[in-house]
Amino acid sequence: MNKIRVGVFPAAGLGTRFLPATKAQPKEMLPLVDRPLIQYVVEEARDAGLARIVIVTGRGKNAIEDHFDTSFELEKMLEEKGKNGLLEQVREVAEIMPVSYVRQKQALGLGHAVLQAKDLVGNEPFAVLLGDDIVDAEEPCIGQMMRLYERRGNPVIALQEVPRAETRQYGIVAGERVEERVVKITDMVEKPAPEKAPSNLAIIGRYLLPPEIFTILEETKPEVGGEIQLTSALKTLLSRRPIDGYLFEGRRYDAGDKLGFLKATVEFALKRKDLGGPFREYLKGLKL
Ligand code: G1P
């Protein structure tokens, strides 16, 4: 079995759920405390042992490339001013892991975004990580999935139980529980109405996929609105081989949504050694 080494980060979306903040800046760069959202997910990939990542960008996303690049002027200024702590933090960001970029020229859906990474991934299994989904976990979510993949050899999709009323926001799977955290997937429906949803098990933005998904995506017909859905390609993959759903350990935040982002901000700030204490005091004083 091939080891998973590459992570693909679709980051070309328009961020409409977060307008107007995302009118002129990528949603992936919205800061959670003091790091942009995408950095948390890149660090998750690194912590799980991935060797390199491919970020699929688009128009207006240059800030992402600048963030993971060396900033010569900034480093020089911090060095001259003797701000060594900040200098180290700035340098570390550029050294998290090797990053390559490819552009998605048109916003034609998540499946189409993943397809853009085909040449940079090559003929090996790979991970897909969506930057909206921030998972706070002891063991990185994608790393938990890699362990399952090494054990069972099937493609893996992260799952989470959601309230029935929210099925319209997610891909929803049908399946049977084969282990405490493993579901053998039998069907998938993209964003069904609650009464049509086959379960309350939602697809969360972490996937481990075989390279054949690229040829499937090339043959996948666009849905209404012209978008090529990843879920449609996964359904085709499911007709050819078993796919495991994995109920990960950890807490997931939908940081692409305003309320989810606020929850993540509060909880991440409370966990910080430097901010947690005073921030907790402040919140207590609000007398809600
Ligand atoms: C995408 C997928 C969906 C999945 C979700 C997870 O939707 O199409 O199946 O449940 O990510 O975050 P999006 O949120 O990009 O509309």
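Residues numbered from 1 in each chain as written. Predicted model: local features only at pLDDT ≥ 70, side-chain atom pairs only at ≥ 80, totals over all residues. Heavy atoms only, no water.

## Overview of the packing of aromatic side chains
Logical step 1: Counting across every chain of the model gives five aromatic pairs.
Logical step 2: Aromatic side chains Phe279 and Tyr282 sit 6.3 Å apart centroid to centroid with 20 degrees between the ring planes, which places their arrangement in the stacked category. Separated by three residues within a single helix, Phe279 and Tyr282 lie in helix α11 (residues 276-285), roughly one turn from each other.
Logical step 3: You can call Phe279 partly exposed: its relative accessible area is 23%.
Logical step 4: Taken together, the ring pairs connect Tyr40, Tyr253 and Phe268 into an aromatic cluster.
Logical step 5: Over the face of the ring belonging to Tyr40 we find Arg35, whose NZ or CZ atom lies 4.2 Å from the ring centre. (Phe/Tyr/Trp six-rings, centres within 6.5 Å; stacked < 30°, edge-to-face > 60°. Helix = DSSP H or I, 4+ residues; strand = E, 2+ residues; numbered from the N terminus. Buried < 20%, exposed > 50% of the residue type's maximum accessible area, 1.4 Å probe, protein only. Lys NZ or Arg CZ within 6 Å of the ring centre and 35° of its normal.)

## Focus on the side chain of Asp254
Logical step 1: Among the secondary structure elements, Asp254 is positioned in strand β13 (residues 251-254).
Logical step 2: The buried category is assigned to Asp254, whose relative accessible area is 12%.
Logical step 3: Those residues in contact with Asp254, other than ones at most four positions away along the chain, are Arg17, Asp132, Asp133, Gly260 and Phe261. (Contact = heavy atoms within 4.5 Å.)

## Description of the pattern of salt bridges
Logical step 1: In this structure the tally under the stated criterion is 28 salt bridges.
Logical step 2: For Glu218, the salt bridge identified is with Lys118, shortest N-O distance 3.0 Å. One end of the pair, Glu218, is in helix α8 (residues 212-219); the other, Lys118, is in helix α6 (residues 118-121), and 100 residues separate them in sequence.
Logical step 3: For Glu218, a relative accessible area of 45% puts it in the partly exposed group.
Logical step 4: Each of the salt bridges in this network shares a partner with another, and the network as a whole consists of Arg17, Lys27, Asp132 and Asp254. (Salt bridge = Lys/Arg side-chain N within 4 Å of Asp/Glu carboxyl O.)

## Side note on the site of the ligand
Logical step 1: Inspection of the region around the ligand gives Leu110, Leu130, Asp133, Tyr170, Gly171, Glu190, Lys191, Ile203, Gly205, Tyr207 and Thr231 as its neighbouring residues.
Logical step 2: Contact distances for the ligand include 2.6 Å between an oxygen atom and a backbone N or O atom of Ile203.
Logical step 3: Looking at the shell around the ligand element by element, the count peaks at three residues for strand β11 (residues 201-209).
Logical step 4: The class makeup of the residues in the shell around the ligand is five nonpolar, three polar and three charged. (Near = heavy atom within 4 Å. Polar contact = N/O pair within 3.5 Å; in protein donor to acceptor, adjacent residues only side chain to side chain. Nonpolar A, V, L, I, M, F, W, Y, C, P; charged D, E, K, R; others polar.)

## So, the environment of Arg177
Logical step 1: One can find Arg177 in strand β9 (residues 171-177).
Logical step 2: Here the alpha-carbon distance between Arg177 and Leu86, two residues 91 residues apart in the chain, equals 48 Å.
Logical step 3: In contact with Arg177, other than residues within four places in its own chain, are Glu161, Val182, Val183 and Leu247.
Logical step 4: Here Glu161 takes part through its side chain, which lies 3.4 Å from a polar atom of the side chain of Arg177.
Logical step 5: A polar contact is formed between the side chain of Arg177 and the backbone oxygen of Glu180, at a distance of 3.0 Å.

## As for the environment of Ile142
Logical step 1: Tracing the sequence through the fold places Ile142 in helix α7 (residues 141-152).
Logical step 2: Residue Ile142 is classed as buried on the basis of its relative accessible area, which comes to 0%.
Logical step 3: Residues Ile142 and Ala158 lie 16 residues apart in sequence; the distance between their C-alpha atoms is 8.4 Å.
Logical step 4: For Ile142, the contacting residues outside a window of four places in its chain are Glu44, Ala45, Ala48, Ala127, Val128, Leu129, Arg206, Tyr207 and Leu208.

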